[in-house]
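Notes for the structure review
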Amino acid sequence: METTGGRTSIFLLLLLQATLSSGAAEVKPSSNPVLAGQTLVLAVSPATVVTSGSWSLGTAVILSWLGSQAVVFPSYTGRASVDTATNTLTLRSVTLADAGVYTVKSTDLALTASITITVLEAISNVELKTNDTVFVEFRDSEVFTCSAKGSSPSFLWMNGSSVVTVGNWVQIGAGGSTLNILNMTRYDQGPLTCNVSNAVSSEISQSLNLTIYYGPDHMELRGNGQNISDFLLGSDLNMSCSAQSNPRAQLQWAFQGDRLTTTGPDLKLYSVSEKDSGLYSCLASNNVTQLYSNITKSINI
């Protein structure tokens, strides 16, 4: 059968029309979701030249073209344009109102293709709020609130480099924007931050450092820097006491149950004798938490 160039062109045109009519054509966006304020480019694949066509958002026509001449509808003037060689739509300064179903149509090739575009506003103005920043361990609770501008915000709470997770004493609510810490501990001191994000942007709040009063506890009592109990007759002995506490614990010493005049972390004895053998106690107190603790060590000379 003889095949001329004209017949081949007609055959390819009919094949392309059948292909596009069957739904093989698709719209490929430059990004989706797209950030409000940016430019959205919608390309048709496969690219082909059509005599006329139109782009619409929902039922509203954005623009139409015939040959190389395009007409942009008034509400899109200055923002929308089309490449009539490829059917590509360019929409500048996208707004939240530009979200929806975009459809390209052409009557001469029965071209129809659609895509749903989501437009998101960037996350901004992230702010972390609380009524108080000073607490007593195991006694106080607090609710922290994170607010932000932007579309579809997602909240992530951080304590230093660790993600804050829900537990017996930690509750996250209001879509993730509130953090409720029950019975505050010294490990909740922060820095506490709130990271807010969506599919196109993210922003982190200012860091919040908490003052948490605790202790005294986890006491240690050492002799000459060692955890030993036996010392040589005539040697010098420096007893040192420590406690975890905020503010710093007040320390008082006792020997055989009787309080000594010595205060502070060190008790120094020179040229010890047998009469210095016995029970040494360190008493710790915190004037903010109103808590007390003590530790006793038996010393043999």
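Residues numbered from 1 in each chain as written. Predicted model: local features only at pLDDT ≥ 70, side-chain atom pairs only at ≥ 80, totals over all residues. Heavy atoms only, no water.

**A few points about the overall build of the protein chain**
Assigned secondary structure in the protein chain consists of 1 helix and 27 strands. For the protein chain, the C-alpha radius of gyration of 38 Å lies well beyond 19 Å, the compact-globule estimate for 301 residues. Taken along its principal axes, the extent of the C-alpha atoms in the protein chain is 125 × 45 × 30 Å. Per-residue burial over the protein chain gives 36% buried out of 301 residues. Across the protein chain, the fraction of contacts at a sequence separation of at least 24, relative to all contacts at a separation of at least 6, is 59%. Here the protein chain displays about 16,300 Å² of accessible surface, and carbon together with sulfur accounts for 52% of that area. Averaged over its 15 positive side-chain charges, the protein chain has a centre that lies 4 Å from the centre of its 21 negative ones. (Helix = DSSP H or I, 4+ residues; strand = E, 2+ residues; numbered from the N terminus. Rg over C-alpha atoms; globule rule 2.2 N^0.38 Å. Buried < 20%, exposed > 50% of the residue type's maximum accessible area, 1.4 Å probe, protein only. Contact = heavy atoms within 4.5 Å. Areas by Shrake-Rupley, 256 points an atom, 1.4 Å probe, with all protein chains shown as cover. Lys, Arg positive; Asp, Glu negative; His and termini not counted. Charge placed at Lys NZ, Arg CZ, Asp CG, Glu CD.)

**Some thoughts on the state of the cysteines**
The final tally for this structure, using the stated rule, is 2 disulfides. Here Cys146 engages in a disulfide with Cys194; their sulfurs sit 2.2 Å apart. The disulfide joining Cys146 to Cys194 has a torsion of about -95° about its S-S bond and is therefore left-handed. One end of the pair, Cys146, is in strand 14 (residues 142-149); the other, Cys194, is in strand 19 (residues 192-197), with 48 residues separating them in the sequence. (Disulfide = S-S within 2.5 Å.)

**Some words on the environment of Gly173**
Relative to the elements of secondary structure, Gly173 occurs in strand 17 (residues 170-173). For the pair Gly173 and Asn183, spaced 10 residues apart in sequence, the C-alpha separation works out to 17 Å.

**So, the confidence of the model for the protein chain**
Predicted confidence across the protein chain gives a mean pLDDT of 90, with 92% of residues reaching 70 or more. Low pLDDT, under 50, characterises residues 1-22; the predicted model gives this stretch 17 contacts beyond four residues in sequence or across chains. (pLDDT = per-residue confidence, 0-100.)

**Some words on the nonpolar core**
Among the nonpolar cores identified, the biggest contains 26 residues, and Leu42, Trp55, Ile62, Leu63, Leu89, Tyr102 and Ile117 are the most heavily contacted of them. Elements that contribute at least two residues to this core include exactly strand 3 (40-45), strand 4 (52-57), strand 5 (60-66), strand 7 (80-83), strand 8 (88-91), strand 9 (100-106) and strand 10 (111-117). For this core, the element with the most residues is strand 10, which contributes 4 residues. Among all residues touching Leu89, those that are not within four sequence positions of it are Leu40, Val41, Leu42, Trp55, Ile62, Leu63, Ala80, Ser81 and Tyr102. With 19 residues, the next largest nonpolar core counts Phe144, Phe155, Val164 and Leu208 among its residues. (Core = buried A, V, L, I, M, F, W, Y, C linked by side-chain atoms within 4.5 Å.)

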